[in-house]
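Inside the fold
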Amino acid sequence: MTSARYTGRFAPSPTGPLHFGSLLAAMASYCEARHHDGFWLLRIDDIDPPREVAGASSGIQKTLNAYGFEWDGNVIFQSQRTEFYRDKLTMLNEQHMLYPCNCSRSRLANHSVYPGFCDPATEEPIRTQHSAAKLVQQKILHGDLDHSIRISINESISFHDTVQGFQTYGDGEPGDIIVVRRDDLFAYSLACAVDDADGISHVVRGSDLLSTTASQIAIMKSLNMHQPVYSHIPVALNSKLQKLSKQTRAMALDSMPTLATLLQAWQFLGQVELNVSSIDTFWQSAIETWCLDSVPKQSQQATPI
Ligand code: GLU
């Protein structure tokens, strides 16, 4: 799918109910898209069954409805796009960009960036690129290999983030990330990169994902795919200055007052005060007055209502 019209998306993982932090990403991506008269898609990132919570996917849709979000078209489920991911991996493998890796967690414990231990280019000649590619293909198609698959990322990556400014990665960063996990599941960055490159013109999401962007761009570039414009908005922190998340037990949006919570998110995003009395009028005014330039860079504490 390619589209000249602004196309944004919200891409929650169904690992639990939406919370205030999720609302910020949903609201910013929605307002940006609608303010530009664009499409807004809902993509459920359900490619990690061990982390999935039963009922979370339908719960997320219900919550978004209750908060007045309206997405375009059918909900996209990553779990239904595995053939697409396999095709893209095969293309990367044909360019000899992938290699199997059997490094243990303990071997990598002191490395924040993968040091290339299993990269055939740095290994003994016996593990030629050709035999690596054969093993990778076997893993992609049949999954019968107790290794993960990494992508070789050698070039430095720079991009302009409309909220966080110019970003550049080099000197070994972002490093060779995993694209297929040892347990055969497709990695988030692979699926997200090829899905976003397949018709999303603008990605607006939390700044906790900023560091994943360089490797996603590297994947898009290697596949000659279109690269969206990125905007990474600040994330909400709790009183211990931890990011609101399921792990830090953030309160579910469902148990919060809808309009007051929308207004709090609006304020968190640095927008001009609105005088509205219903969810409908909130969205009318929000879409009209939304200004991405007013969104602060820094993550901050969100005061509970
Ligand atoms: N599914 C990811 C998450 O919920 C976010 C994906 C994205 O916006 O890139 O953390």
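Keep in mind that what you see is a predicted model, and the values were worked out from it rather than measured. (Residues numbered from 1 in each chain as written. Predicted model: local features only at pLDDT ≥ 70, side-chain atom pairs only at ≥ 80, totals over all residues. Heavy atoms only, no water.)

**Description of the site of the ligand**
The full set of residues close to the ligand is R9, A11, P12, S13, D45, Y188, C192, R205 and L209. Within the contact set of the ligand, a nitrogen atom lies 2.7 Å away from a backbone nitrogen or oxygen of A11. In the model, an oxygen atom of the ligand is placed 2.7 Å from a nitrogen or oxygen of the Y188 side chain. (Near = heavy atom within 4 Å. Polar contact = N/O pair within 3.5 Å; in protein donor to acceptor, adjacent residues only side chain to side chain.)

**Here's the deal with the sheet that holds strand β4 (residues 98–101)**
The strands making up a sheet are joined through hydrogen bonds of the backbone, oriented either antiparallel or parallel. Read from one edge of the open sheet, three strands run β4-β5-β8, paired in antiparallel fashion. Both outer strands of the open sheet, β4 and β8 (178–180), are each paired with one neighbouring strand and no more. Averaged over all neighbouring strand pairs, the angle between strand axes comes to 45°, with direction disregarded. Of the strand pairs in this sheet, β4 and strand β5 (residues 148–151) are connected by four bridges, and their pairing is antiparallel. By the bridge assignment for β5, P100 is matched with I149. Here helix α3 (residues 82–94) sits on the sheet and contacts β4, β5 and β8; the angle it forms with β4, its principal contact strand, is near 100°. (Pairing = 2+ DSSP bridges. Helix = DSSP H or I, 4+ residues; strand = E, 2+ residues; numbered from the N terminus. Axes fitted to C-alpha atoms, helices over the stretch in contact; angles between N-to-C directions. Contact = heavy atoms within 4.5 Å.)

**A closer look at the environment of V203**
Along the chain, V203 falls in strand β9 (residues 202–206). A sequence separation of 170 residues divides V203 from A33, and the C-alpha atoms of the two residues are 9.8 Å apart. Those residues in contact with V203, other than ones at most four positions away along the chain, are R9, D196, P228, V229, Y230 and S231.

**Here's the deal with the state of the cysteines**
Applying the stated criterion to the full structure yields zero disulfides. Here C103 is not cross-linked by a disulfide; its sulfur's nearest cysteine counterpart is in C118, at 3.6 Å. On the basis of relative accessible area, C103 is assigned to the buried category, the value being 10%. (Disulfide = S-S within 2.5 Å. Buried < 20%, exposed > 50% of the residue type's maximum accessible area, 1.4 Å probe, protein only.)

**A short note on unusual backbone geometry**
In this model, D37 sits at a positive phi of 55°, which is unusual for a non-glycine residue. Among the secondary structure elements, D37 is positioned in the loop between α1 (20–35) and β2 (39–44). Taking the relative accessible area as the measure of exposure, D37 reaches 57% and is therefore exposed. Look at L241: it is not a glycine, yet its phi comes out positive at around 60°. Structurally, the position occupied by L241 is in the loop between β11 (236–237) and α8 (258–268).

**Details of the side chain of R9**
Structurally, R9 can be placed in strand β1 (residues 7–10). For R9, the side chain forms a polar contact with the side chain of D196, separated by 2.9 Å. Ignoring sequence-local partners within four residues, the contact set of R9 consists of S29, W40, L41, R43, C192, D196, I200, H202, V203, V204 and R205.

**Structural notes on the packing of aromatic side chains**
Scanning the entire structure with this criterion turns up 15 aromatic pairs. Considering the side-chain rings of Y30 and W40, the 4.7 Å spacing of their centres and the 70° angle between planes classify their relative orientation as edge-to-face. On the criterion of sequence distance, the pair formed by Y30 in helix α1 and W40 in strand β2 is long-range, its members being 10 residues apart. The same class applies to Y30 and to W40, which are both buried. Centroid distance F282 to W283: 4.9 Å. Interplanar angle 75°. Geometry classified as edge-to-face. One aromatic cluster is present, built from ring pairs that chain together F10, Y30, W40, F69, W266, F282, W283 and W290. Above the ring of F39, the side-chain terminus of R5 is found at 4.0 Å from the ring centroid. Sitting over the ring of F117, R107 keeps its end group 4.1 Å from the ring centre. (Phe/Tyr/Trp six-rings, centres within 6.5 Å; stacked < 30°, edge-to-face > 60°. Lys NZ or Arg CZ within 6 Å of the ring centre and 35° of its normal.)

**Let's talk about the environment of Q216**
Relative to the assigned elements, Q216 resides in helix α7 (residues 210–222). As for Q216 and Q300, which are separated by 84 residues in sequence, their C-alpha atoms are 26 Å apart. If near-sequence neighbours (up to four positions away) are discounted, Q216 is found in contact with Y188, S189, C192, A193, D196, R205 and Y230. Of the polar contacts made by the side chain of Q216, one reaches the side chain of Y188; its length is 3.5 Å.

**Some remarks on the packing of α3 against helix α5 (residues 129–142)**
Put simply, α3 and α5 touch, their axes get as near as 10 Å, and they point 180° apart. Comparing the axis directions of α3 and α5 gives the class roughly antiparallel. On α5, the residues that touch R86, L89, T90 and N93 of α3 are A133, V136, Q137, I140 and L141. For the contact of α3 with α5, the per-class residue count stands at five nonpolar, three polar and one charged. (Parallel < 35°, antiparallel > 145°, perpendicular 65-115°, else oblique. Nonpolar A, V, L, I, M, F, W, Y, C, P; charged D, E, K, R; others polar.)

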